[in-house]
Amino acid sequence: MSGDLSNAGTIQAPGDRREWVEFVNFNLGNESYALELGRVEQILADPDVTEVPQTGRTIAGVTNLGSEIPVVVEGRALLELPERPVAAEPTLLLLDRDDARPTGLLVDEVVGIEAHNVETVAPPGAVEDWSLPVGPRWFRAVVEDPDRAGQPIGVFDLDAIVREARGQS
């Protein structure tokens, strides 16, 4: 899946649109995570990333998108997971940000885009059966999907990711 999110198709959510939140779901390691759809500008398959010397492990490098050169955050390093296999083709989520410094999050695979009722979205500490695979500082919410009982999905905190990237770039 690459390019603009407008190519991803239309999600049909029943009822009042204000009662639903759309998320881009993705995998890192063996876990599923999400970002709010409105916070993702583009999804790019297997981007060319150029390493930048003297940056921390969390910074994979930068990528050239023509008029923009976003800093690329390595999601696996962010969560302290093992490095991605060399043959793997990661996906870049270009984050929609209002400030001048574009940022992307490198993930293993984008699974899809899903709409969830706002009643299924809670702060990370409010969900009892969610054992955090990493520290809570990376998450702004958790989605409890009735179809995934016992497997809530952590919603990344975009601001925490960007702070980490700025601290290491």
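None of these values were measured; they are calculated from a predicted model. (Residues numbered from 1 in each chain as written. Predicted model: local features only at pLDDT ≥ 70, side-chain atom pairs only at ≥ 80, totals over all residues. Heavy atoms only, no water.)

Residue-level account of the sheet that holds strand S10 (residues 121-122), with values.
With respect to topology, six strands assemble into an open sheet ordered S9-S2-S3-S12-S11-S10, the strand pairing being mixed. If you trace the sheet from one side to the other, it starts and ends with strand S9 (109-117) and S10, each paired once. Summarising the sheet, strand S2 (residues 20-28) and S9 pair through eight bridges and their orientation is antiparallel. Along S9, the bridge assignment pairs Trp20 with Asn117. (Pairing = 2+ DSSP bridges. Helix = DSSP H or I, 4+ residues; strand = E, 2+ residues; numbered from the N terminus.)

Go over the side chain of Asn25 with me, naming the residues and quoting the values.
When you line up the elements, Asn25 lands in strand S2. When near neighbours in sequence (up to four residues on either side) are disregarded, Asn25 contacts Tyr33, Ala34, Glu109, Val110, Val111, Gly112, Glu114 and Ile153. (Contact = heavy atoms within 4.5 Å.)

Before we move on, can you summarise the packing of aromatic side chains with the specific residues and values?
Per the counting criterion, the structure on display carries five aromatic pairs. Ring geometry for Phe26 versus Tyr33: centroids 6.3 Å apart, planes at 35 degrees, classification tilted. On the accessibility criterion, Phe26 (0% relative accessible area) is buried. Taking relative accessible area as the criterion, Tyr33 reaches 2% and is therefore assigned buried. A ring pair is formed by Tyr33 and Phe139, whose centres lie 5.8 Å apart and whose planes are at 20 degrees; its orientation type is stacked. Of the two residues, Tyr33 is situated in strand S3 (residues 31-36) and Phe139 in strand S11 (residues 139-143); the sequence distance between them amounts to 106 residues. (Phe/Tyr/Trp six-rings, centres within 6.5 Å; stacked < 30°, edge-to-face > 60°. Buried < 20%, exposed > 50% of the residue type's maximum accessible area, 1.4 Å probe, protein only.)

Would you mind going over the pairing of strand S6 (residues 71-74) in detail, with residue names and values included?
Residues of S6 alternate between two faces, with Val71 and Val73 on one and Val72 and Glu74 on the opposite face, all of them buried. Across three bridges, the pairing between strand S5 (residues 59-62) and S6 is antiparallel. Paired with Ile59 across the strands is Val73, a residue of S6. Looking at chain direction, S6 and strand S8 (residues 103-107) are connected through four bridges and run parallel.

Explain the pattern of salt bridges residue by residue, including any values.
It is possible for side chains bearing opposite charge to pair when their charged atoms get close. Within this structure, the stated rule accounts for five salt bridges. We note a salt bridge from Arg39 to Asp159, for which the minimum N-O separation is 3.9 Å. One end of the pair, Arg39, is in the loop between S3 and strand S4 (40-45); the other, Asp159, is in helix H2 (residues 158-168), and 120 residues separate them in sequence. For Asp159, a relative accessible area of 41% translates into the label partly exposed. (Salt bridge = Lys/Arg side-chain N within 4 Å of Asp/Glu carboxyl O.)

None of the figures reported here should be taken as evidence of function without further support.
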